Amino acid sequence: MKRTAILGAGSWGTAMGALLADNGFEASLWARDNAFADVLERERQNSVYLPGAMFPENLRAGSDIGAALSGAELIVCAIPSHGLRAILEAARPFIGKEAIVVSATKGIEAVSLLTPTRIIRDVLGVSNHGIVALSGPSFAKEVSHGLPAAVCAASASLKAAQAVQAAFSTRTFRVYTNADVTGVELGGALKNVMAIASGISDGLGLGLNARAALITRGLAEMTRLGVKMGAHPATFSGLSGIGDLVLTCTGALSRNYSTGVALGKGKTLEEAQNGRQVSEGVRTTEAAYSLAEKNHVETPIINEVYAVLYEGKRPKDAVMELMTRDLKAE
């Protein structure tokens, strides 16, 4: 493969574009906004979302989606889950039938309750696309600075997963293959809800014991819901499960964790967002709550985060609700 297109010029899309360009691809970074794309190309960095990480020479930015996708053999979707379907509809006429499509999106579509690879398959409407989910503990800022990270490439097609593994792997970015697409995607989505819970706990000053308990019981909820939906339980012990969960629940670079901290300190959701794009975990909480109800799965942490975000429940009351539930075996 020689040409790649990255749909989405946020921090993660930019980091992925630079990584692939450094790996020898002719890379096109597509931004929805024409003026923003012009700034990216002129400054040769993304000073809004990933300042200081200069673009490789063979990474170009633009807003013409047809031009970006022309001849692309590898297409990376790095778009928030709520906007993925609309962008794919616009991109569909320009995507070659043999192209490998990679989802670098972590979320669940609110209405359909579909994961990103299922949205991709739904929109493209064909079965011969190699569709791969790329997920794991990886902050864009650290990846862009060449700090070590490991993720997994999950696909029903081993050939497609191995192609993505080869395309993305570097001395500092290690990629494992995985056949459990459902588990990998749910792990990447649900951990954002747990990160909000972890942030709320830290914002309330509840200590490290409470954070550890939330991470552990959060993993139990993620696994329980994932298995009900057909995932393999072992997947949640891997990079896209416990790996991403620990990173997002403890790392200050996580917008979901930071949103939770602000909520725990008494800010409203609007104040917690601080004028930024809505954290993916906020939308995922609503979808996860619906998924749990639909599948009759007990998810007390997800339920309490939902109550804080969407029903106005006080974070202190949500914590008390969790701590005073009926006692049971682990």
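Small disclaimer: the values here were computed from a predicted structure and weren't measured. (Residues numbered from 1 in each chain as written. Predicted model: local features only at pLDDT ≥ 70, side-chain atom pairs only at ≥ 80, totals over all residues. Heavy atoms only, no water.)

Q: Would you take a moment to explain the sheet that holds strand β8 (residues 130–135) for this structure?
A: Whenever strands of a sheet pair, they do so through backbone hydrogen bonds, lying parallel or antiparallel. Taken together, the eight strands give an open sheet; going across it, the order is β5-β2-β1-β6-β7-β8-β9-β10, and neighbouring strands pair in mixed fashion. With one partner strand each, in any of the chains shown, β5 (59–62) and β10 (173–178) form the two edges of the open sheet. Strand after strand, the sheet turns through a mean of 25 degrees between neighbouring axes, direction not considered. By the bridge criterion, six bridges tie strand β9 (residues 149–154) to β10 in an arrangement that is parallel. Bridging from a neighbouring strand, Val151 pairs with Val175 of β10. Across the face of the sheet, helix α1 (residues 11–22) comes into contact with β1 (3–7), β2 (26–30), β5, β6 (74–77), β8 and β10 while running at roughly 170 degrees to β2. (Pairing = 2+ DSSP bridges. Helix = DSSP H or I, 4+ residues; strand = E, 2+ residues; numbered from the N terminus. Axes fitted to C-alpha atoms, helices over the stretch in contact; angles between N-to-C directions. Contact = heavy atoms within 4.5 Å.)

Q: When you look at the nonpolar core in this model, what are you seeing that I'm missing?
A: With 40 residues, the main nonpolar core has Leu74, Leu134, Val164, Phe168 and Phe173 as its most contacted residues. If you tally residues by element for this core, the top one is α1, at seven residues. Not counting the four nearest positions on each side in its chain, Phe168 is found in contact with Met16, Leu19, Leu20, Asn23, Leu74, Val76, Leu134, Phe173 and Val175. (Core = buried A, V, L, I, M, F, W, Y, C linked by side-chain atoms within 4.5 Å. Buried < 20%, exposed > 50% of the residue type's maximum accessible area, 1.4 Å probe, protein only.)

Q: Can you walk me through the pattern of salt bridges in this structure?
A: Side chains carrying opposite charge are able to pair once their charged atoms draw close together. Taken as a whole, this structure holds 13 salt bridges when the rule is applied. The salt bridge partner of Glu41 is Arg60, with a shortest N-O separation of 2.2 Å. Separated by 19 residues along the polypeptide, Glu41 in helix α2 (residues 34–43) and Arg60 in strand β5 bring together distant segments of the chain. Beyond isolated ion pairs, a larger network of salt bridges with shared partners links Glu41, Arg44 and Arg60. (Salt bridge = Lys/Arg side-chain N within 4 Å of Asp/Glu carboxyl O.)

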